[in-house]
Amino acid sequence: GIQLMTQFGDGWEQAQAYTMLGEVEREYGSVEAASAAYENAIRLVRSMGGERFLIAVNQHNLGQTCLLMGDFTKADEQFRESFEAGRQLLGAKLTLYSLAGLAAVAHARGRSSTAARLLGCADTQFARIGYELHPADQSPRIRLETALRLALGDVAYEELHAEGARIDPDEAVE
């Protein structure tokens, strides 16, 4: 199905297929292939006039793959663009996914305290809207919390996570 859509679908169907392919590759295959799939989806959507939400979803997904590949600068750029699009489109889930991504970037850059606060903000807002992460985003979330607890200790992590819970997402991003 996905392969047929990428080959024979119209531009919109191809972009959606590349998004799905990226999710499968990120979770079960190659992060390089996932990155290429997300970039193809973004390119296709932009070539058709740009449906902002689908572009932003793929930017978030590309940010996740950049984290896995160790490209923290590109990951940060993708998450920030996705975060801003989420704010503009009033897309709470997109904004919060991006905030969790920015937490992972902060930790990767040695700013674990900031990461714990950002994650606390995202987690609290996800709970407030009654949303659970998609399976492809659960693994990075679990890995991040584990790494933060290791870096900070459980008590400090819990305190910083609780501080983040009191921050508005719009104020959380520097």
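Each residue is numbered by its place in its chain's sequence as written, counting from 1. Given that this is a predicted model, residues contribute local features only at a pLDDT of at least 70 and side-chain atom pairs are listed and counted only at 80 or more, while totals for whole chains, interfaces and linings are drawn from all residues. Side-chain measures here rest on the full set of heavy atoms in the structure, leaving out hydrogens and waters.

J.: Which residues make up the nonpolar core, and what values go with them?
T.: Here, nonpolar core means buried Ala, Val, Leu, Ile, Met, Phe, Trp, Tyr and Cys residues that are tied together by side-chain atoms lying within 4.5 Å of each other. The buried label applies to any residue whose accessible area, calculated with a 1.4 Å probe on protein chains only, is under 20% of its type's maximum; exposed applies above 50%, and partly exposed to all values in between. Grouped together as the largest cluster of nonpolar side chains are 40 residues, with contacts concentrated most on Leu99, Leu118, Leu119, Phe126 and Leu148. Each helix is a run of DSSP H or I of at least 4 residues and each strand a run of E of at least 2, with the numbering of both proceeding from the N terminus. Elements that contribute at least two residues to this core include exactly helix 2 (11–28), helix 3 (31–47), helix 4 (52–69), helix 5 (72–88), helix 6 (92–108), helix 7 (112–128), helix 8 (135–152) and helix 9 (154–165). Per element, the largest residue contribution to this core is nine residues, and it comes from helix 6. Excluding its chain neighbours within four sequence positions, the residues that come into contact with phenylalanine 126 are Lys93, Leu96, Tyr97, Tyr131 and Leu133. The contact rule is simple, with two residues in contact once any of their heavy atoms fall within 4.5 Å.

J.: Let's hear about the confidence of the model for the chain: which residues, and what values?
T.: Taken as a whole, the chain shows an average pLDDT of 91; of its residues, 96% reach a score of 70 or greater. The score called pLDDT rates the predictor's confidence residue by residue, from a low of 0 to a high of 100. The least confident element of the chain is helix 1 (residues 2–8), whose mean pLDDT is 68; the most confident is helix 9, at 97.

J.: Could you give an account of the packing of helix 7 against helix 9, naming the residues involved and the relevant values?
T.: For helices, the fitted line uses only the C-alpha atoms of the stretch in contact; every axis is such a line through C-alpha atoms, and the angle between N-to-C directions lies from 0 to 180 degrees. Contact pair helix 7 / helix 9: the axes reach a minimum separation of 6 Å and the direction vectors enclose 50°. Accordingly, the angle class assigned to the pair helix 7 and helix 9 is oblique. Note that helix 7 runs across helix 9; the crossing there is right-handed. When helix 7 is examined against helix 9, the residues Ser113, Ala116, Arg117, Leu119, Gly120, Cys121, Asp123 and Thr124 are found in contact with a partner set consisting of Tyr157, Leu160, His161, Glu163, Gly164 and Ala165. Each angle receives one of four descriptions, namely roughly parallel if under 35 degrees, roughly antiparallel if over 145, roughly perpendicular if within 65 to 115, and oblique otherwise. Here a crossing is taken to be left-handed if its near helix is turned anticlockwise relative to the far helix by less than a right angle, and right-handed if that turn runs clockwise.

J.: I'd like a description of the side chain of glutamine 125, backed by residues and values.
T.: Position of glutamine 125 among the secondary structure elements: in helix 7. According to the relative accessible area criterion, glutamine 125 is buried, its value standing at 12%. Each residue touching glutamine 125, except ones within four places of it in the same chain, is listed here: Leu96 and Pro169.

J.: Explain the pattern of salt bridges to me, using residue names and the numbers behind them.
T.: Take a side-chain nitrogen of Lys or Arg and a carboxyl oxygen of Asp or Glu: if they are within 4 Å of each other, that pair is a salt bridge. Evaluated as defined, the whole model comprises 12 salt bridges. As a salt-bridge pair, aspartate 154 and arginine 149 come within 3.3 Å of each other at their nearest N and O atoms. What makes aspartate 154 partly exposed here is its relative accessible area of 46%. Judged by relative accessible area, which is 23%, arginine 149 ranks as partly exposed. A salt bridge links glutamate 158 to arginine 149, with the shortest nitrogen-to-oxygen separation between them at 2.3 Å.

J.: Can you lay out helix 7 for me, pointing to particular residues and giving the numbers?
T.: Compared with an ideal rise of 1.5 Å per residue, which puts 17 residues at 24 Å, helix 7 spans 24 Å between its outermost C-alpha atoms and is within 8% of the ideal. Three or more residues of helix 7 are buried, namely Ser112, Ala115, Ala116, Leu118, Leu119, Gly120, Cys121, Ala122, Asp123, Gln125 and Phe126. Check the buried side of helix 7 and you find it contacts helix 6, helix 8, helix 9 and helix 10 (169–172). Positive phi shows up at glycine 130, right after helix 7, with a value of about 70°. Here, expected helix span is obtained from the residue count minus one, scaled by 1.5 Å.

J.: Please provide a residue-by-residue account of the environment of phenylalanine 126, values included.
T.: Here phenylalanine 126 lies in helix 7. Judged by its relative accessible area of 5%, phenylalanine 126 falls in the buried class. Considering only alpha carbons, one finds phenylalanine 126 and alanine 92, 34 residues apart in sequence, at a separation of 8.4 Å.

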